Amino acid sequence: MTQIDQLSVNTLRVHAIEAVDQANSGHPGLPLGAAPMAWALWAYEMNHTSQNPAWLNRDRFVLSAGHGSALLYALLHLFDYGISGEDLAQFRQLGSKTPGHPEYREVPGVETTTGPLGAGISTAVGMAMAEARLAAMVNKEDLDLIDHYTFVLCGDGDLMEGVSGEASSLAGTLGLNKLIVLYDSNHITIEGKTDLAFTEDARKRYEAYGWQTLLVEDGNDLEAIREAIKEAKAEKDRPSFIEIKTQIGFASPLEGEASVHGSPLGRERTEITKKNLAYPDLAPFEVAPEVKDHMEEILAQKKAAYEAWLEKEAAYKEKYPQDYARLEAQMSLDKKDLAFMDQEAYWKRVDKDMATRASSHQVLQRISKEIPYLFGGSADLGPSNKSTMDDKDSFSKTTREGANIHFGVREHAMGAIINGIYLHGGFYSYGATFLVFSDYLKPQLRLSALMHLPVTYIFTHDSIGVGEDGPTHQPVDQLTMLRAIPNFVTFRPADSMEVLAGWYVSMHAKYSPLALILSRQTLPELAGSSKEAIRGGYILEKEKTDLDLILMASGSEVALALEAKKSLEEEGYGVRLVSMPSMELFDAQSCKYKNTVLPKSCRKRLALEAGNSLAWHRWLGLEGQVLSMDEFGASGPAKEVFDHFGFSLENVVKKAKDLLKD
């Protein structure tokens, strides 16, 4: 390592531990150990530029070990991404640009929110898939406009989390050769040495996944790290896994100890660390003049590479103007390409009664014919979820232009991957499984919402209507779980018209993910359903006399509520039926609209939903009641199971009358 490279690496180290000390909170261990690999990558082996942090053909960098965020912020500071010394001094403070873990949208250069271990490396698989498909769609024999890598820096904890195994297995199967993982192998976790719980040979594991595996014995050997990265770039058929052996907390008095993982060094130990690094006497977050000069040279090289690509882009635009225009539209996802969804043809109902999973399949075909850059699939349940684009190929190692993804039985990885696809840019992404298995991907649903990613989740087999598969497969609590996630939209349609509305909302969303909650069983088409469903809640049928009771329901229970309304009307009651496919969308409406649908003057309200009751109480008031599933289901034919738990016409009418008598 040259003297200037050594000083640059140590600048990263010192700025990171100073930030942690300033906050009296954070993780100094990883930055001290992993700074050389980060420097080798950012300075010499990765194409990126602060001139345009959103450069289409930039290499992506994911700090999967997000607790080491101080290292990333130090990099962004040196590489002129708008992080100042003052920002480093505000590390982990409220409202700062340098939060405790990297947060997407908050800082240029942060490609994804990380911190939950395993999420970053799994999200990166989605980014690499998006790069591969975009290149297949855009590149010409004489102009490879899209040609970039996705780099990951991960640690032992990332590899222990099961989601990393799910995603890495799929990456090997797909031969994602533009995906390169740098493994910070320091054999330390919070509780101590990894031999307490993690003794496997990670390289052999990744070799079994179908990856190229490489080893760098000394994490301070900059040239060896660079050579390994170059070798990984040269691999054309497999993703690459580079194990780089490091010492956590390098050069500090706590080097190699678990205690340096997540606690500040403190002033005295920090000064000892600086002395051990032969670091010059500089003020906190000051950059040595020679490092500044070195950075100017490096930044000029980065800018030159970017400008060379701009020349290639200009040549592409001139030679292939129509293709370039399509690429611009694809990368913007500005919703102009969704104009067809405002046409009458889009809003045409299906021609017969069917399950909402089946009508969703028909709607998906309408959308995929108009949007060539829809990219998604199912966790091995495509035939059941009805989530396949019929006229599209499957994405694979040999068919990069394919639109259908086969995630395998990997729900958790699926969530991370569709996040990564969207984060890369250029694609609308979606994933599908049974609603009950949404538990498996909950951490990624949460990250979708936290990052404001408008991805789509298709969750079918939505209730005790699953029937014979029994309580293990009958979701009763999952819908409430989803409704509890901030900035997450659930949409449980009652028929094909409401399915159309759900897809419309999802495709037009800008900052919120949406889950379509779909039935396995056939549901009737409802004459009163309408586009108003995009509001989340609406009057499906008004009362015929003075209003006595409001019936509310979602999904399959709307048809049951309609039967009950008719029965009660025959006895002279004034009953309004409100369909509530999306509580989140309804709550976002004006107070005037909500009061029009649910007037305060009517306090007798009965809600029906074959799921947990918790979310309904805000709409019921003090006198309202709910027929719900606050217990596990049972195995049996769906109709018998519904009747057993009280979802029958007779029971609903009885509950309504009892409520009206009170």
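To be clear, the structure that these remarks concern was listed above.
In this text, all values refer to a predicted model and were calculated from it rather than measured experimentally. (Residues numbered from 1 in each chain as written. Predicted model: local features only at pLDDT ≥ 70, side-chain atom pairs only at ≥ 80, totals over all residues. Heavy atoms only, no water.)

Some remarks on the pattern of salt bridges
Turning to step 1, where the next piece is worked out: Within the structure shown, the criterion is met by 33 salt bridges.
Turning to step 2, where the next piece is worked out: Residue R603 pairs with E623 through a salt bridge whose shortest N-O separation is 3.4 Å. Of the two residues, R603 is situated in the loop between α21 (591–597) and β17 (605–608) and E623 in the loop between α22 (617–620) and β18 (625–627); the sequence distance between them amounts to 20 residues.
Turning to step 3, where the next piece is worked out: Each member of the salt-bridge network shares a partner with another, and the members are E45, R226, K230 and K233. (Salt bridge = Lys/Arg side-chain N within 4 Å of Asp/Glu carboxyl O. Helix = DSSP H or I, 4+ residues; strand = E, 2+ residues; numbered from the N terminus.)

With respect to the sheet that holds strand β1 (residues 60–63)
Two modes of strand pairing occur in sheets, parallel and antiparallel, and in both the strands are linked by backbone hydrogen bonds.
Turning to step 1, where the next piece is worked out: Spatially, five strands are ordered β1-β2-β3-β7-β6 in an open sheet, and the strand pairing comes out parallel. Looking at the sheet topology across the chains shown, the edges are occupied by β1 and β6 (212–216). The sheet shows a mean angle of 20 degrees between the axes of neighbouring strands, direction not considered.
Turning to step 2, where the next piece is worked out: In this sheet, strand β2 (residues 150–155) lies alongside β1 in parallel orientation, the contact comprising four bridges. Across the sheet, residue F61 finds its bridge partner in β2, namely F151.
Turning to step 3, where the next piece is worked out: Contacting β1, β2, β3 (179–185) and β7 (240–245), helix α2 (residues 29–45) crosses the sheet at an angle of about 170 degrees to β2. (Pairing = 2+ DSSP bridges. Axes fitted to C-alpha atoms, helices over the stretch in contact; angles between N-to-C directions. Contact = heavy atoms within 4.5 Å.)

Notes on the packing of helix α5 (residues 119–138) against helix α12 (residues 321–332)
Turning to step 1, where the next piece is worked out: Interaxial distance between α5 and α12 falls to 11 Å at its minimum, and their mutual angle equals 155 degrees. The pairing of α5 with α12 is recorded here as roughly antiparallel in orientation. The handedness of the crossing between α5 and α12 comes out as right-handed. Listed contacts from α12 to L134, M137 and V138 of α5 are L327, Q330 and M331.
Turning to step 2, where the next piece is worked out: For the contact of α5 with α12, the class distribution of residues is five nonpolar, one polar and no charged. (Parallel < 35°, antiparallel > 145°, perpendicular 65-115°, else oblique. Left-handed = near helix turned anticlockwise from the far one by under 90°. Nonpolar A, V, L, I, M, F, W, Y, C, P; charged D, E, K, R; others polar.)

Quick look at the packing of helix α13 (residues 356–370) against helix α18 (residues 496–508)
Turning to step 1, where the next piece is worked out: Contact pair α13 / α18: the axes reach a minimum separation of 9 Å and the direction vectors enclose 50 degrees. In terms of their interaxial angle, α13 and α18 are classed as oblique. Handedness of the crossing formed by α13 with α18: right-handed. Contact residues: α13 offers T356, S359, S360, V363, L364, R366 and I367, while α18 offers S496, V499, L500, W503 and M507.
Turning to step 2, where the next piece is worked out: Split into classes, the residues belonging to the contact of α13 with α18 amount to seven nonpolar, four polar and one charged.

Section: empty space enclosed by the protein
Turning to step 1, where the next piece is worked out: In the structure shown here, the tally under the stated rule is four cavities of 30 Å³ or more.
Turning to step 2, where the next piece is worked out: If you go around the largest cavity, the residues you meet are W42, M46, H48, P53, R58, D59, F61, Y81, G109 and E111. (1 Å grid on protein atoms, 1.4 Å probe; cavity = no way out; pocket = protein on both sides within 12 Å on 5 of 7 lines; lining within 4 Å. Points joined across faces, edges and corners; volume = space filled by probe spheres on them.)

Let's talk about the side chain of H424
Turning to step 1, where the next piece is worked out: Along the polypeptide, H424 turns up in helix α15 (residues 411–424).
Turning to step 2, where the next piece is worked out: A residue is classified by how much of its surface remains accessible, and H424, at 3% relative accessible area, is buried.
Turning to step 3, where the next piece is worked out: Contacts of H424, omitting those with residues within four sequence positions, involve R60, M127, A130, E131, L134, H148 and M331. (Buried < 20%, exposed > 50% of the residue type's maximum accessible area, 1.4 Å probe, protein only.)

Focus: the pairing of strand β15 (residues 549–553)
Turning to step 1, where the next piece is worked out: Burial runs high along β15: five of the five residues are buried.
Turning to step 2, where the next piece is worked out: A two-sided burial pattern is seen for β15, the buried positions comprising L549, L551 and A553 on one face and I550 and M552 on the other.
Turning to step 3, where the next piece is worked out: The pairing of β15 with strand β16 (residues 575–579) spans five bridges and is classified as parallel. When the bridges of β16 are listed, I550 appears paired with R576.
Turning to step 4, where the next piece is worked out: Taken together, β15, helix α19 (residues 557–570) and β16 constitute a β-α-β crossover, and its handedness is right-handed.
Turning to step 5, where the next piece is worked out: The sheet contact formed by β15 and β17 spans four bridges and is parallel. In the strand pairing of β17, I550 is matched with R605. (Right-handed = clockwise from strand over helix to strand, strands pointing away.)

Quick look at the environment of A416
Turning to step 1, where the next piece is worked out: In this structure, A416 sits in helix α15.
Turning to step 2, where the next piece is worked out: Its relative accessible area of 0% is what places A416 among the buried residues.
Turning to step 3, where the next piece is worked out: Sequence separation between A416 and W42 is 374 residues, and the spatial gap between their C-alpha atoms is 24 Å.
Turning to step 4, where the next piece is worked out: Ignoring any residue separated from it by four or fewer positions in sequence, one finds A416 in contact with A119, S122, T123 and Q444.

Remarks on the layout of surface pockets
Once rolled over the atoms, a probe with the size of a water molecule shows which space is left empty.
Turning to step 1, where the next piece is worked out: Space inside the largest pocket adds up to approximately 620 Å³.
Turning to step 2, where the next piece is worked out: For the largest pocket, the lining is made up of 26 residues, of which A54, Y104, R105, Y422 and L423 are closest to its centre.
Turning to step 3, where the next piece is worked out: Those elements that provide at least two residues to the lining of the largest pocket are α12 and α15.
Turning to step 4, where the next piece is worked out: With three residues, α15 is the single largest residue contributor to the lining of the largest pocket.
Turning to step 5, where the next piece is worked out: As a volume, the second largest pocket reaches approximately 380 Å³.
Turning to step 6, where the next piece is worked out: Along the wall of the second largest pocket there are 17 residues; nearest its centre are L560, E563, K639, F642 and F647.
Turning to step 7, where the next piece is worked out: Residue assignment for the lining of the second largest pocket shows that the elements contributing at least two residues are α19, α23 (638–644) and α24 (649–661).
Turning to step 8, where the next piece is worked out: Of the residues belonging to the lining of the second largest pocket, the class tally is eight nonpolar, four polar and five charged.

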